[in-house]
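Chain by chain, the residues run as shown.
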Amino acid sequence: MFTTLASPSHGRAQLPLARSLAAAGHEVLVVTTPALVPVFEREEVRVTSAIRDFSPSSLVGPVLAEESGPAGLPDMDDEQRQEFMLRVMCKVVSGPMATMLLDAVLPVARDFRPDLILRDGMDLSACVVAETLGIPQLPTPSGAVNGFDPAALLPGLNALRKRQGLATPEDPLSIVPHGRIDYVPPAFSFAHHLSASWAYRQTVDVDRGAVLPRWVAELPTDRPLMFAAIGTAIPMFHDSSREADVSAPTPMPIPMPDPVDTLRAMVQGVSRLEECTVILATGGIPVDTDGVPPHVHITDRLPQPLLLESVDLFLTHGGFNSIRESLRTATPMAVLPQFGDQPRNAQRVEELGLGRRVTAPRPDVIAAVCREVLADEGCRAVARRARLEMLALPEIDSAVPDLEKLAE
């Protein structure tokens, strides 16, 4: 049984594993939200939308008030705000969010009676479900698994365990008693608190039958080819925020970046790179194309894993799916982080020598960083090393016998 939350990228990370398990004859059930059902509905798996659509930010209010205290939020620099929000989100994910998910997921699990749970990294309720049913659970690849400190999650999780009459261990790693699944080699891990234990090769065949449009194949190849994209989560949050009651959400100490502003800066930045051919995917967010030079080609979406096989640079928001796909295709990155795990991912990209962080969402900064990465032979060498390391990992089908043994 899989649990899948947040954005389509979380489901896409699980798809290869779900396919392999189903192809091996196992019955697979995905428990998710209505918004994410389309990710799985064409696969040979069962899907139930037992979890209501929600945004973790809608659960932040009480935790934010508790963390802020009577005096409210102190003045913080960007790094302090990021750390503060990470602490808040750990309490949200292991507290009210896990409680809400447990009420939705446990009845489904009791009915389905799985032998193993492969959980979304943001789903702590699945830990309690697995312990209630006496079965193993593993988190699947996500930025949440990489960024959340198990010690910060443990108090909330233990409160939920106590509610269910379960043991309340003191070891933070009781959250991952059987390890975790990753698609990144240990030498290029993005996990801050957990060691790798079940590493498999990132696949480029996520969207079955995907092909690049003909106009891409006809682009000039006598200059660097660059791809720029904003990911799947930000457009999703943008759409939901437009539909939501503006008086309902709790104000966040780190405001969500406006994707329209981010895209505008990206368009203006890549427009300065006349020496390149640029493809920019907007994720369906409207963007003004007036005055865009002919070397920039704007589209809603493209099969990203395929395109990355042929580009010289990826200007990315820094989501973990996009980073893994870049490692798989040896594509250097310029990372313009937006929220969540992305700032830490951008920092890790720089630490590993896989690219550079774009430090400000300004056209001049974006263009300058892209040129730096394109001129850096060292980045390309490290990216090639990362791809070789990834190709040395076992393919995803080999996870099936590993998981069968775990579930025995």
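A. Molecular detail of helix α1 (residues 8-23). Over its 16 residues, α1 runs 22 Å from end to end, which matches the ideal 22 Å to within 8%, given 1.5 Å per residue. At Leu15, α1 shows its largest bend, some 35 degrees, and a proline, Pro16, comes one to four positions later. Among the 16 residues in α1, 14 count as buried, and that is most of the element.

B. View of the pairing of strand β11 (residues 313-316). Side-chain alternation along β11 places Leu313 and Leu315 on one buried face and Phe314 and Thr316 on a second face that is also buried. Here strand β8 (residues 225-229) pairs with β11 via 3 bridges, running parallel. Paired with Met226 across the strands is Leu313, a residue of β11. Two strands pair when backbone bridges link them, and β11 and strand β12 (residues 333-335) are joined in this way by 3 bridges, in the parallel orientation. Paired with Phe314 across the bridge in β12 is Met333.

C. Summary view of the nonpolar core. In terms of nonpolar packing, the biggest core is built from 47 residues, with Met1, Ile51, Phe54, Val88, Val92, Met97 and Leu124 touching the most fellow members. Every element with two or more residues in this core is listed here: β2 (29-31), α3 (60-68), α4 (78-94), α5 (96-112), α6 (125-133), α7 (143-147) and α8 (150-163). The element best represented in this core is α5, accounting for 11 residues. Excluding anything up to four places from it in sequence, Ile51 contacts Leu5, Val31, Thr32, Thr33, Pro34, Leu101, Ala104 and Val105. Ranked by size, the runner-up nonpolar core spans 28 residues in total, among them Ala229, Val311, Leu327 and Val349.

D. Quick peek at the pattern of salt bridges. Scanning the model with the defined rule gives 19 salt bridges in all. The shortest N-O distance in the salt bridge between Asp261 and Arg264 comes to 2.8 Å. With Asp261 and Arg264 both in helix α11 (residues 259-271), this residue pair falls 3 residues apart, about one helical turn. According to the relative accessible area criterion, Asp261 is partly exposed, its value standing at 41%. A residue is classified by how much of its surface remains accessible, and Arg264, at 40% relative accessible area, is partly exposed. A salt bridge links Asp364 to Arg362, with the nearest nitrogen and oxygen atoms 3.0 Å apart. Judged by its relative accessible area of 42%, Arg362 falls in the partly exposed class. Through salt bridges with shared partners, one network takes in Arg12, Asp207 and Glu325.

E. Examining the sheet that holds strand β9 (residues 277-281) more closely. If you trace the 6 strands from one edge of the open sheet to the other, you get β10-β9-β8-β11-β12-β13, paired in parallel fashion. The open sheet is flanked by β10 (296-299) and β13 (355-357), the only strands paired with a single partner. On average, each strand axis in the sheet is inclined to that of its neighbour by 15 degrees, with strand direction left out of account. As paired elements, β8 and β9 share 5 bridges and run parallel to each other. Paired with Leu225 across the bridge in β9 is Thr277. Together, β12 and β13 form the strand contacts of helix α14 (residues 342-352), whose direction differs from that of β13 by roughly 140 degrees.

Conventions adopted
- Residues numbered from 1 in each chain as written.
- Predicted model: local features only at pLDDT ≥ 70, side-chain atom pairs only at ≥ 80, totals over all residues.
- Heavy atoms only, no water.
- Helix = DSSP H or I, 4+ residues; strand = E, 2+ residues; numbered from the N terminus.
- Expected span 1.5 Å × (residues − 1).
- Bend = angle between axes of the 7 residues up to and from the residue.
- Buried < 20%, exposed > 50% of the residue type's maximum accessible area, 1.4 Å probe, protein only.
- Pairing = 2+ DSSP bridges.
- Core = buried A, V, L, I, M, F, W, Y, C linked by side-chain atoms within 4.5 Å.
- Contact = heavy atoms within 4.5 Å.
- Salt bridge = Lys/Arg side-chain N within 4 Å of Asp/Glu carboxyl O.
- Axes fitted to C-alpha atoms, helices over the stretch in contact; angles between N-to-C directions.

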